[in-house]
Amino acid sequence: MTWQPYLISLGAGLGIGVIYGLIAVRSPAPPIIALLGLLGMLAGEAAVQWIRGHSDAVSQALHLKSFAVTKADQVTEPSKTEPL
């Protein structure tokens, strides 16, 4: 995968943003909350792709967990100390 198209797109966007700033025109870009939503969508999509590629590691992490279980008679009472 090459980064050249992404860098060109970023450069073009920065250039247009500078032009809009110089002529004091409001950009037609969506508000920041919409952009954060899009970022979340991309992050979620990337997470699913990562999990699919590492399914063995995920399954081991989920299935090999062990939880310590203690019986009620094994629990010790805290030692009682006299107040100062």
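Small disclaimer: the values here were computed from a predicted structure and weren't measured.

1. Observations concerning the overall build of the protein chain
Right, on to step 1. In terms of regular secondary structure, the protein chain is built from three helices and zero strands.
Right, on to step 2. Starting at the N terminus and walking to the C terminus, you meet the elements of the protein chain as α-α-α.
Right, on to step 3. Counting only residues that meet the buried cut, the protein chain has 0% of its 84 residues in that class.
Right, on to step 4. A total accessible area of about 8300 Å² is found for the protein chain, and carbon and sulfur atoms account for 67% of it.

2. Some thoughts on the packing of aromatic side chains
Right, on to step 1. Going through the model one piece at a time under the given rule, you end up with one aromatic pair.
Right, on to step 2. Considering the side-chain rings of Trp3 and Tyr6, the 5.7 Å spacing of their centres and the 55° angle between planes classify their relative orientation as tilted.
Right, on to step 3. Owing to a relative accessible area of 56%, Trp3 belongs among the exposed residues under this scheme.
Right, on to step 4. A relative accessible area of 48% means that Tyr6 is categorised as partly exposed.

3. So, helix H1 (residues 4–22)
Right, on to step 1. For H1, built from 19 residues, the straight-helix expectation of 27 Å at 1.5 Å per residue is met to within 8% by its first-to-last C-alpha distance of 27 Å.
Right, on to step 2. Two residues or fewer past H1, Ala24 is found with a positive phi of approximately 55°.

4. Regarding unusual backbone geometry
Right, on to step 1. Of note, the phi angle at Ala24 is positive, near 55°, even though the residue is not glycine.
Right, on to step 2. Relative to the helices and strands, Ala24 resides in the loop between H1 and helix H2 (32–53).
Right, on to step 3. The class of Ala24 is exposed, set by a relative accessible area of 71%.

5. Notes on a nonpolar patch on the surface
Right, on to step 1. A contiguous nonpolar surface patch, about 760 Å² in accessible area, is contributed by Ile32, Ile33, Leu35, Leu36, Leu38, Leu39 and Met41.
Right, on to step 2. Along the chain, Leu35 turns up in helix H2.
Right, on to step 3. Leu35 sits in the partly exposed class, given a relative accessible area of 39%.

Rules and cut-offs
- Residues numbered from 1 in each chain as written.
- Predicted model: local features only at pLDDT ≥ 70, side-chain atom pairs only at ≥ 80, totals over all residues.
- Heavy atoms only, no water.
- Helix = DSSP H or I, 4+ residues; strand = E, 2+ residues; numbered from the N terminus.
- Buried < 20%, exposed > 50% of the residue type's maximum accessible area, 1.4 Å probe, protein only.
- Areas by Shrake-Rupley, 256 points an atom, 1.4 Å probe, with all protein chains shown as cover.
- Phe/Tyr/Trp six-rings, centres within 6.5 Å; stacked < 30°, edge-to-face > 60°.
- Expected span 1.5 Å × (residues − 1).
- Patch = residues over 30% accessible without salt bridge, like charges linked within 9 Å, V, L, I, M, F, W, Y side chains within 5 Å.
- Salt bridge = Lys/Arg side-chain N within 4 Å of Asp/Glu carboxyl O.

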